[in-house]
Amino acid sequence: MAQLDKFIEKMQTGQEIILESGKAPVLKGEAGAAPMMAQQLSSAQITSLVQEIAPADSRDLIAQRKAAKFEYAGAVKSVVVACAADGDQLTATISLGSRRTDAAVCAAPAVREAEPEINTLLRRMAKMGASDLHLTSCHRPMVRINGDMVELSDHSVIKQDRMSALLDAIMQTHNAVQFREINDTDFAYEIAGLARFRVNVFMDRFGMGAVFRQVPIEIVTAEKLNLSKEIMDLCYLSKGLVLVTGPTGSGKSTTLCALVDFINRHRKGHIITIEDPIEFVHQKKSCLINQREVHVHTKSFSQALRAALREDPDIVLVGEMRDLETISIAIETAETGHLVFGTLHTTTAASTVDRIIDQFPADRQSQIRTMLSTSLKGIISQTLCKKIGGGRVAAMEVLFVNSAVSNLIRESKIYQIPSVMQTGKKQGMTMLNDVLFKYVMDRVVAPEDAYVKAIDKPAFVTLLKSRGIALNLTGLED
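Keep in mind that this is a model prediction, so the values were computed, not measured.

### Concerning the side chain of threonine 185
Within the secondary structure, threonine 185 sits in strand 10 (residues 184-191). Here threonine 185 falls in the buried class, since its relative accessible area comes to 1%. A distance of 2.8 Å separates the side chain of threonine 185 from the side chain of asparagine 175, its partner in a polar contact. Excluding residues within four positions of it along the chain, threonine 185 makes contact with Met171, Asn175, Gln178, Phe179, Val199, Asn200 and Val201.

### Some thoughts on empty space enclosed by the protein
All told, the structure shown has 1 cavity of 30 Å³ or more when counted by the stated rule. What lines the largest cavity is simply Glu71, Tyr72, Ala73, Ser78, Gln172, Thr173 and His174. Of all the secondary structure elements, the ones that give two or more residues to the lining of the largest cavity are strand 4 (68-73) and helix 7 (173-182). The leading source of residues in the lining of the largest cavity is strand 4, at 3 residues. Along the lines of polarity and charge, the residues of the lining of the largest cavity split into 2 nonpolar, 4 polar and 1 charged.

### Description of the packing of aromatic side chains
Counting across every chain of the model gives 1 aromatic pair. Against the face of tyrosine 451 rests lysine 457, its NZ or CZ located 5.6 Å from the ring centre.

### Details of the pattern of salt bridges
Counting across every chain of the model gives 20 salt bridges. For arginine 196, the salt bridge is made with glutamate 190, and the minimal N-O distance between the two is 3.1 Å. Taking the shortest distance from any N to any O, the salt bridge between aspartate 442 and lysine 438 comes out at 2.7 Å. Salt bridges here are not isolated pairs; linked through shared partners, they connect Glu223, Asp261, Arg265 and Lys285.

### Some thoughts on the sheet that holds strand 7 (residues 132-136)
One open sheet holds the 6 strands; their spatial order is 9-8-7-12-11-10, and the pairing between them is antiparallel. The strands lining the two open edges of the sheet, one partner per strand, are strand 9 (148-151) and strand 10. Taking the axes of each pair of neighbouring strands and ignoring which way they run, one obtains an average angle of 25 degrees across the sheet. Where strand 11 (residues 195-204) meets strand 12 (residues 207-216), 10 bridges bridge the pair, whose relative direction is antiparallel. Its bridge partner lying in strand 12, asparagine 200 is registered against valine 211. Relative to the sheet, helix 6 (residues 160-168) contacts strand 7, strand 11 and strand 12, its axis offset from that of strand 12 by approximately 40 degrees.

### As for the nonpolar core
By size, the foremost hydrophobic cluster in this structure holds 66 residues, and its most contacted members are Ile331, Phe341, Val353, Leu372, Leu376 and Ile417. The dominant element in this core, judged by the number of residues it contributes, is helix 9 (residues 252-266), at 6 residues. Those residues in contact with valine 353 that sit more than four places away from it in its chain are Leu372, Leu376, Ile379, Ile409, Ile414 and Ile417. With 26 residues, the next largest nonpolar core counts Met163, Leu166, Phe187 and Ile191 among its residues.

### Details of the packing of helix 16 (residues 432-441) against helix 18 (residues 457-466)
Contact pair helix 16 / helix 18: the axes reach a minimum separation of 10 Å and the direction vectors enclose 35 degrees. Along this stretch, helix 16 crosses helix 18, giving a crossing that reads as right-handed. Contacts between helix 16 and helix 18 involve Asn433, Asp434, Leu436, Phe437 and Val440 on the former and, on the latter, Ala459, Phe460, Leu463 and Leu464. Split by residue class, the contact of helix 16 with helix 18 holds 7 nonpolar, 1 polar and 1 charged.

### Side note on the environment of lysine 299
By secondary structure assignment, the location of lysine 299 is in the loop between strand 15 (288-293) and helix 10 (301-308). Along the sequence, lysine 299 and alanine 2 sit 297 residues apart, while their C-alpha atoms lie 9.7 Å from each other.

### As for helix 16
Among the 10 residues that make up helix 16, 7 are buried, leaving the element largely enclosed by the rest of the structure. Here helix 16 has its buried residues at Leu432, Asn433, Val435, Leu436, Phe437, Tyr439 and Val440. Taken together, the buried residues of helix 16 touch strand 18 (376-386), strand 19 (392-400), helix 17 (447-453) and helix 18. Arginine 443 occupies a position one or two residues after helix 16 and carries a positive phi of about 60 degrees.

### Overview of the pairing of strand 16 (residues 315-318)
Each regular strand carries side chains that alternate between the two faces of the sheet. In strand 16, alternate side chains face the same way, and those of Ile315 and Leu317 on one face and Val316 and Val318 on the other are all buried. Inspection of the sheet shows strand 14 (residues 270-275) paired to strand 16 by 4 bridges, in the parallel sense. Bridge assignment links isoleucine 271 to a residue of strand 16, and that residue is isoleucine 315. As judged from the 4 bridges shared by strand 16 and strand 17 (residues 339-344), these two strands associate in the parallel manner.

### Things to note about helix 13 (residues 362-375)
Here helix 13 is 14 residues long and its end C-alpha atoms lie 20 Å apart, about the 20 Å a rise of 1.5 Å per residue gives. Of all the bends found along helix 13, the most pronounced is centred on isoleucine 368 and spans about 25 degrees. Within helix 13 the residues assigned to the buried category are Gln365, Ile368, Arg369, Met371, Leu372, Ser373 and Ser375. Its buried side turned inward, helix 13 meets strand 13 (240-245), helix 11 (324-335), helix 12 (349-358), strand 18 and helix 14 (403-410).

### A look at the packing of helix 13 against helix 14
Direction vectors running N to C along helix 13 and helix 14 enclose 170 degrees, while the axes themselves pass 8 Å from each other. Considering the angle they form, helix 13 stands roughly antiparallel to helix 14. Residue-level inspection shows Arg369, Thr370, Leu372 and Ser373 of helix 13 in contact with helix 14, the latter providing Ser406, Ile409 and Arg410. Taken together, the residues that form the contact of helix 13 with helix 14 break down as 2 nonpolar, 3 polar and 2 charged.

### With respect to the sheet that holds strand 1 (residues 16-20)
An order of 3-2-1-6-5-4 is seen for the 6 strands of this open sheet, with the pairing classed as antiparallel. In the strand order of this sheet, the two ends are held by strand 3 (32-35) and strand 4, each with one partner. When strand polarity is set aside, the average angle formed by the axes of neighbouring strands in this sheet is 20 degrees. Note that strand 5 (residues 78-86) and strand 6 (residues 89-96) share 8 bridges and pair antiparallel. The partner of alanine 84 across the bridge, within strand 6, is threonine 91. Strands in contact with helix 3 (residues 56-63) are strand 4 and strand 5; relative to strand 4, the strand with the most contacts, it is inclined by about 135 degrees.

How each quantity is defined
Residues numbered from 1 in each chain as written. Predicted model: local features only at pLDDT ≥ 70, side-chain atom pairs only at ≥ 80, totals over all residues. Heavy atoms only, no water. Helix = DSSP H or I, 4+ residues; strand = E, 2+ residues; numbered from the N terminus. Buried < 20%, exposed > 50% of the residue type's maximum accessible area, 1.4 Å probe, protein only. Polar contact = N/O pair within 3.5 Å; in protein donor to acceptor, adjacent residues only side chain to side chain. Contact = heavy atoms within 4.5 Å. 1 Å grid on protein atoms, 1.4 Å probe; cavity = no way out; pocket = protein on both sides within 12 Å on 5 of 7 lines; lining within 4 Å. Points joined across faces, edges and corners; volume = space filled by probe spheres on them. Nonpolar A, V, L, I, M, F, W, Y, C, P; charged D, E, K, R; others polar. Phe/Tyr/Trp six-rings, centres within 6.5 Å; stacked < 30°, edge-to-face > 60°. Lys NZ or Arg CZ within 6 Å of the ring centre and 35° of its normal. Salt bridge = Lys/Arg side-chain N within 4 Å of Asp/Glu carboxyl O. Pairing = 2+ DSSP bridges. Axes fitted to C-alpha atoms, helices over the stretch in contact; angles between N-to-C directions. Core = buried A, V, L, I, M, F, W, Y, C linked by side-chain atoms within 4.5 Å. Left-handed = near helix turned anticlockwise from the far one by under 90°. Expected span 1.5 Å × (residues − 1). Bend = angle between axes of the 7 residues up to and from the residue. Parallel < 35°, antiparallel > 145°, perpendicular 65-115°, else oblique.

Structural measurements only, silent on function.
Given below as structure tokens:
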């Protein structure tokens, strides 16, 4: 949290904050001006305070004592900051910006505005049942339907200048600044009554581009996903680490959302989610739920996770455990009496354990194995398969950490975990090959599509041959 956020959160409509060299900060409104603290600020202190929240280009202008103006999306409010210098004297004026919190949007009267042009494509995408919309400069739009890319052949090619106008219209100021700095940015976008979209805007050799991933407004429940009783029992744990893993686009977010929703309906606790960006929006049911978005409500996953320990949570969801610090804090949080859900981009349960341990330096790995052996409670590794006749279905490999698995983790015998999973089927454990084989036997998934998703392909072929199922390997990946 930036130091100025403490002042900004006190602002009301029609008020502004004045920071002036040699004077105390002042909150100014229709009723007059009131000092916000007794201490007088020097030009250097004002420069430091403002540079902390300024984008890179504005920071340089402020350092050079030049006029600068920018928008800052703070933890609670969005403000516009204007800086002016007169010799060594520096004045910064902070006024409320246009961005509103979700609560403010809910309370505000409905105002009908012209829809951004991009909504036309997003509505069409939703009508087609597509999961993703792909936009690339100098190309026609493409959508992903049941895993396959389909070009919208009746749509014109989107030129570079038009692409820029389409995407700039829906980007928040901080996203636009981030895009200018690193040529990438992520955010969530919503069409009321239709869906939310997870958006990535990027730059490639053709120019500006974007991918919109559709996130249904209606939450898919654990019951609708047919999650097993053993998986749902993880939601009743008082502490521990539960991981949902799989490649990008494998449905991890949907499964995690279903688990959080199940907790929200069946427990009375405090849930904190840390996401980038917020995808599924949860309403308060039996639980209080706070959803925080990285780069909007907090600086990083690790910072938000560390702060969560002071926010009295019972359950914490970490949208992505992408670095050593986040993984380390997540394990510590799970050990200190909290139930932590997280995601990793691994394909099997055993490889997930290896990935976590390998993130740490060699001299810490023994300690992490011990911590993980007691804190890790379950791993759900999933992938999406094409269904015969259309649609997709999740194939889940499930590991529950019992005493045998805990000992293997502690003794660094991860390679033996699949054997324990084979003998632990009565406890609800499943192997990916077995789930894929069942889908083939039930005529849910074609043998060739199941083969592509199998990790241990030779063993999967042997399973099919044992039931006399022919497999056409022509053109399939090895």
